[in-house]
Amino acid sequence: MLKIKNLFIAFLLLVPQLFFAQYTDVINSNRPGETMSAFAVGKTVIQAEIGFYGIKEKHDLLGYDASGLGTDLTFRYGAFLEKLEFVLDIQYQMENFDTPYTSYKKNNFRQTVLGAKYLIYDPFKNYEKTKNIYSYKANHRFDWHSLIPAVSVFAGANFVGADNPYSFSPEASISPKVVLITQNLFGGGKWVFVTNIIADYISTDYPSYGYVLTLTHGFNSKWSGFVENQGYKSDFYSDAIARGGAAYLISPNLQVDASVSTNFKNTPSVLYGGVGVSWRYDGKYKEQETELKRQSRKEKKSKETKGGKSKKETDYQEQERNRKSKYE
């Protein structure tokens, strides 16, 4: 297992990275990484992101080996505002544990989170990069504006049932979760850097604080990928995870992905990999977009033909009168 982890770490350092995902022409998925992007899916847009993974653990001090399977589902819905989306995030895991003295199983919801994300600041709103028609160099120099990140905040709650083996308490609980999200776009959007700062299980006896850093890049219109570093710390459990993977765009609303993750310690050592799919329904969004464009064209045409004459005719006649007045 150690050799596999070393090969994986080398892969993360040597292989190019990728992926990017507000309403965009193609699906904006958070998979296969663990960060939330700063932008919402778009008003009336429904998006589902589901994955399946296998996991292997080995604890040198406690002397156990574990292996298992899990599934995670994220349901995203844009409502009320373009900047707002509601998120349901569920993870269910099943594991077999073998120790020198016994074997046992555990399975339950590892995570159930319900909340909302809101875009506070968009650095590209009302911003347009000026182009210099006389200088190729000026048009291709580093865009310092890209250092200003988009900023969002997520606020939600963890729901934990009673006697959950993945919980630090046998009692059922509801506790807050807050995430600060930043997102930078570099190279015209080909490279994206996303940061999540997380405060989890805040009101419990074992609050957890962590971060996720994701660097992503698009290879072409179909292939993308990423590398990621995740860390979290609490009195119950702390760890640091390295993660990498790729995604393939089947259609504008459908994406498949694969990823692999590992940590850097042996209490326990963790290695897991998975595959997933993301699907988006944006029919209502496109209908509204088409209707707005149609109304805009009607209003423009109405203004141009006001009074029975086109705006162009009126302007021309006014110009002709001004020209003749000079000679009268």
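Predicted model, so just to flag it, every value in this text is computed and none were measured. (Residues numbered from 1 in each chain as written. Predicted model: local features only at pLDDT ≥ 70, side-chain atom pairs only at ≥ 80, totals over all residues. Heavy atoms only, no water.)

Draft legend 1. Broad picture of the overall build of the protein. Secondary structure summary: the protein contains four helices and 12 strands in total. Counting every position in the protein, which comprises 328 residues, the buried fraction comes to 38%. When the accessible surface of the protein is split by element, carbon and sulfur atoms take 60% of a total near 19,600 Å². (Helix = DSSP H or I, 4+ residues; strand = E, 2+ residues; numbered from the N terminus. Buried < 20%, exposed > 50% of the residue type's maximum accessible area, 1.4 Å probe, protein only. Areas by Shrake-Rupley, 256 points an atom, 1.4 Å probe, with all protein chains shown as cover.)

Draft legend 2. Geometry of the environment of Asp200. Relative to the helices and strands, Asp200 is located in strand β7 (residues 191-200). Placed 21 residues apart in sequence, Asp200 and Val179 show a C-alpha to C-alpha distance of 8.4 Å. When near neighbours in sequence (up to four residues on either side) are disregarded, Asp200 contacts Asn158, Pro176, Lys177, Pro207 and Ser208. At 2.6 Å, the side chain of Asp200 forms a polar contact with the side chain of Asn158. (Contact = heavy atoms within 4.5 Å. Polar contact = N/O pair within 3.5 Å; in protein donor to acceptor, adjacent residues only side chain to side chain.)

Draft legend 3. Spotlight on unusual backbone geometry. Residues Arg31 and Pro32 are joined by a peptide bond in cis, for which omega reads 0°. Checked against the element boundaries, Pro32 lands in the loop between α1 (2-14) and β1 (46-59). The omega angle of the peptide bond from Thr267 to Pro268 is 0°, so this bond is cis rather than trans. Position of Pro268 among the secondary structure elements: in the loop between β11 (254-263) and β12 (269-281). At Thr44, a residue that is not glycine, the phi angle is positive and equals roughly 75°. As for its placement among the helices and strands, Thr44 is situated in the loop between α1 and β1. Here Phe80, not a glycine, exhibits a phi torsion of approximately 70°, which is positive.

Draft legend 4. How the structure looks around a nonpolar patch on the surface. A surface patch of nonpolar side chains, amounting to about 1,000 Å² of accessible area, comprises Phe75, Tyr77, Phe80, Leu81, Phe86, Tyr118, Ile120, Tyr121, Ile148, Val153, Val178 and Ile202. Among the elements of the structure, β2 (64-78) and β4 (103-121) are those that each provide at least two residues to the nonpolar patch. Of all the elements, β4 adds the most residues to the nonpolar patch, at three residues. As for its placement among the helices and strands, Tyr118 is situated in strand β4. (Patch = residues over 30% accessible without salt bridge, like charges linked within 9 Å, V, L, I, M, F, W, Y side chains within 5 Å. Salt bridge = Lys/Arg side-chain N within 4 Å of Asp/Glu carboxyl O.)

Draft legend 5. Up close: the packing of aromatic side chains. In the structure shown here, the tally under the stated rule is 11 aromatic pairs. Ring geometry for Phe168 against Phe236: centres 5.6 Å apart, planes inclined by 70°, an arrangement best described as edge-to-face. Taken together, the positions of Phe168 in the loop between β5 (150-160) and β6 (173-186) and Phe236 in the loop between β9 (223-233) and β10 (239-251) put the pair 68 residues apart, joining distant regions of the chain. Linked through ring pairs, Phe168, Tyr201, Tyr206 and Phe236 together constitute an aromatic cluster. (Phe/Tyr/Trp six-rings, centres within 6.5 Å; stacked < 30°, edge-to-face > 60°.)

Draft legend 6. Broad picture of the nonpolar core. Judged by nonpolar contacts, the single largest core of 15 residues is most densely connected at Ala38, Phe39, Leu119, Ala150, Phe154, Val179 and Ile181. Only β4, β5, β6 and β7 provide two or more residues apiece to this core. Those residues in contact with Ala150, other than ones at most four positions away along the chain, are Ala38, Phe39, Leu119, Tyr121, Pro123, Ile181, Thr182 and Gln183. (Core = buried A, V, L, I, M, F, W, Y, C linked by side-chain atoms within 4.5 Å.)

Draft legend 7. Expanded view of the environment of Ala155. On the secondary structure map, Ala155 appears in strand β5. Since its relative accessible area comes to 45%, Ala155 is described here as partly exposed. Sequence spacing of Ala155 and Val178 is 23 residues, and the spatial spacing of their C-alpha atoms is 4.6 Å. Apart from the residues lying within four places of it in its own chain, the contact partners of Ala155 are Gly115, Ala116 and Lys177.

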